[in-house]
Amino acid sequence: MKIERLDIRTAADVSAQNSIALASRYTERSTYELLQASAAAFADQPALTFLMRGTPDEEPIVYSYRALLARITQAANAFSRLGLGPSDVVAYLLPNLPQTHFVIWGGETAGRVAAINPLLEPAQILQILRAVRARLLVTLAPGAPGLDLWIKCAPIVNEVETLEHVLCVAVHDFDALLDHEPDSRLAFSRQIDPSDIASLFHTGGTTGMPKVAPHTRANEVFLAWSVAATLGTEPGQGMLCGLPLFHVNAPLATGLAVWAAGGNVVLAT
């Protein structure tokens, strides 16, 4: 994606920027196209640096742009093979992990993705799974250290009429599933339109049960471009993701927008 910093200081600057057609600023029509373009431009540069503990002596897990796209492609292929289609939803109930990003962008490529806050109560989680008509759920494996989400999922998964598959992270199921998929191409055919729904993020629910807000592909690509252009993010620049990945800011403003400009997302738990 071509990123030129937006230098906006006056009303005249705003008017000048508004006169430029958005279609002339970038050509990517989906988040997958954006990630493909970044992988082509920044192939072996670091895209995602994961810190499990955040201690000074920790050896981080680093994914290059090429490796990040490969894993996202495998996730999309795996979801498609499990039956996820353009209008179907994969929901994720996960902490901040590299696999969470694979689910988000792979889920958007094969179908739609829905975020769920791991801190919600089972009744709220159930309501969201039903509201988005989730076909797949990705969560932590039973007994995963630090956050046992399976305790919340076990009593409710059979009550979601549309749910067909539950994939678990932190054991072998999810990563092993991806390992069997091609990583250099999508193994399914799909024409993604910018107006297609890409993701479903729920509200905080502070005034009742959470509501679900849909994003289109065009929404997310525009946000990635506009954040990167406004901040002037440079290739190779590190950006800390300080919010959880069920919160819309984290995957978009400190995720996709950083990758649009060739930066390195530093992901903490």
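Scroll up a little and you will see the structure.
Structural notes, computed from the coordinates. (Residues numbered from 1 in each chain as written. Predicted model: local features only at pLDDT ≥ 70, side-chain atom pairs only at ≥ 80, totals over all residues. Heavy atoms only, no water.)

### Some remarks on the overall build of the protein chain
Under the convention used in this document: Helix and strand assignments come from DSSP, with helices taken as H or I runs of at least 4 residues and strands as E runs of at least 2, each series counted from the N terminus. Only protein chains enter the calculation, and the probe is 1.4 Å; a residue is then buried if its accessible area is under 20% of its type maximum, exposed if over 50%, and partly exposed in between. We get accessible surface area from the Shrake-Rupley algorithm with a probe of 1.4 Å; when it comes to residues, only the shown protein chains can shield them. Charged residues are defined here as Lys and Arg on the positive side and Asp and Glu on the negative side; His and the ends of the chain fall outside this count. A charged residue contributes its charge at one atom only: NZ of Lys, CZ of Arg, CG of Asp or CD of Glu.
Along the protein chain, the regular secondary structure elements total 9 helices and 10 strands. Structurally, the protein chain occupies a C-alpha span of about 55 × 40 × 40 Å along its principal axes. For the protein chain, the proportion of its 269 residues judged to be buried stands at 50%. Looking at the protein chain as shown, the accessible area adds up to about 12,300 Å², and 55% of this sits on carbon and sulfur atoms. Side chains of the protein chain carry 18 positive and 25 negative charges; the gap between the two charge centres is 5 Å.

### A look at the packing of aromatic side chains
Spelled out, the test is: Side-chain rings of Phe, Tyr and Trp (the six-membered ring for Trp) are treated as a pair once their centres are within 6.5 Å; stacked means planes under 30 degrees apart, edge-to-face means over 60, and tilted covers the remaining angles.
All chains considered together, the criterion is met by 4 aromatic pairs. A centroid spacing of 5.9 Å and a plane angle of 45 degrees characterise the contact between Tyr 26 and Trp 225, whose relative ring orientation is tilted. With Tyr 26 in the loop between helix H1 (11–18) and helix H2 (31–41) and Trp 225 in helix H8 (residues 217–231), this pair connects stretches of sequence that are 199 residues apart. By relative accessible area, which is 13% here, Tyr 26 ends up buried. Assessed through its relative accessible area of 6%, Trp 225 is described here as buried. With a centroid separation of 5.4 Å and an interplanar angle of 80 degrees, the aromatic rings of Tyr 63 and Phe 102 are classed as edge-to-face. Of this pair, Tyr 63 sits in strand S2 (residues 61–64) while Phe 102 is found in helix H4 (residues 98–110), placing the two residues 39 residues apart along the sequence.

### Some remarks on the packing of H2 against helix H3 (residues 65–81)
Packed helices, taken two at a time, are described by the angle between their axes plus the distance between the axes. Applicable threshold: To obtain each axis, a line is fitted to C-alpha atoms, and for helices this fit is confined to the stretch in contact; angles are then taken between N-to-C directions over 0 to 180 degrees. Should an angle fall under 35 degrees it is taken as roughly parallel, and over 145 as roughly antiparallel, whereas 65 to 115 is taken as roughly perpendicular and any remaining angle as oblique. In a left-handed crossing the near helix is turned counterclockwise from the far helix by less than a right angle, and in a right-handed crossing that turn is clockwise. In this analysis, two residues are considered to be in contact whenever any of their non-hydrogen atoms come within 4.5 Å of each other. Note on residue classes: Ala, Val, Leu, Ile, Met, Phe, Trp, Tyr, Cys and Pro are nonpolar, Asp, Glu, Lys and Arg are charged, and everything else, Gly too, is polar.
Direction vectors running N to C along H2 and H3 enclose 150 degrees, while the axes themselves pass 8 Å from each other. Considering the angle they form, H2 stands roughly antiparallel to H3. For the crossing formed where H2 meets H3, the hand is left-handed. Contact residues: H2 offers Tyr 32, Leu 35, Gln 36, Ser 38 and Ala 39, while H3 offers Tyr 65, Leu 69, Ile 72 and Thr 73. Partitioned by chemical class, the residues of the contact of H2 with H3 number 6 nonpolar, 3 polar and no charged.

### Looking at helix H9 (residues 249–260)
When you tally the buried positions in H9, you get 11 out of 12 residues, the bulk of the element. All of the buried residues along H9 are Ala 250, Pro 251, Leu 252, Ala 253, Thr 254, Gly 255, Leu 256, Ala 257, Val 258, Trp 259 and Ala 260. Phi turns positive one or two residues past the end of H9, at Gly 262, with a value near 85 degrees.

### Considering the sheet that holds strand S4 (residues 112–115)
Put simply, the rule is: By the convention used here, strands pair only if DSSP detects at least 2 bridges between them.
Read across the open sheet, the 6 strands follow the order S6-S5-S3-S4-S7-S8; overall the sheet is mixed. At either margin of the open sheet sits one strand with a lone partner, and together these are strand S6 (165–169) and strand S8 (212–216). Taking each pair of neighbouring strands and ignoring which way they run, the sheet shows an average axis angle of 20 degrees. In terms of strand pairing, strand S7 (residues 197–202) meets S8 through 5 bridges, oriented antiparallel. Bridge assignment links Ile 197 to a residue of S8, and that residue is Thr 216.

### Some words on the pattern of salt bridges
Which entries qualify depends on this criterion: In the sections that follow, a salt bridge refers to a side-chain nitrogen of Lys or Arg positioned within 4 Å of a carboxyl oxygen of Asp or Glu.
Scanning the entire structure with this criterion turns up 11 salt bridges. The partner of Arg 135 in a salt bridge is Asp 88, with the nearest N and O atoms 2.8 Å apart. Taken as a pair, Arg 135 in strand S5 (residues 134–140) and Asp 88 in the loop between H3 and strand S3 (89–93) lie far apart in primary sequence, 47 residues in all. Salt bridges linked by common partners bring Arg 71, Asp 175 and Asp 179 together as one network.

### Overview of the pairing of strand S9 (residues 238–241)
Formally: When the strands point away from the viewer, a crossover counts as right-handed if the route from the first strand across the helix to the second turns clockwise.
Burial of the side chains of S9 is restricted to one face: Met 239 and Cys 241 are buried, whereas none of Gly 238 and Leu 240 on the reverse face is. Two strands pair when backbone bridges link them, and S9 and strand S10 (residues 264–268) are joined in this way by 4 bridges, in the parallel orientation. Within S10, the position partnered with Cys 241 by the bridge is Leu 267. Taking the sense of rotation as the criterion, the β-α-β connection linking S9, H9 and S10 turns out right-handed.

### A short note on the pairing of strand S1 (residues 46–51)
On a regular strand, one side chain projects to one face of the sheet and the next to the other, so that they alternate. Bridging between S1 and S2 involves 4 bridges; their strand directions are antiparallel. When the sheet's bridge partners are listed, Leu 48 is paired in S2 with Tyr 63. Where S1 and S10 come together, 4 bridges link them in parallel fashion. Following the sheet pairing, Leu 48 is matched in S10 by Val 265.

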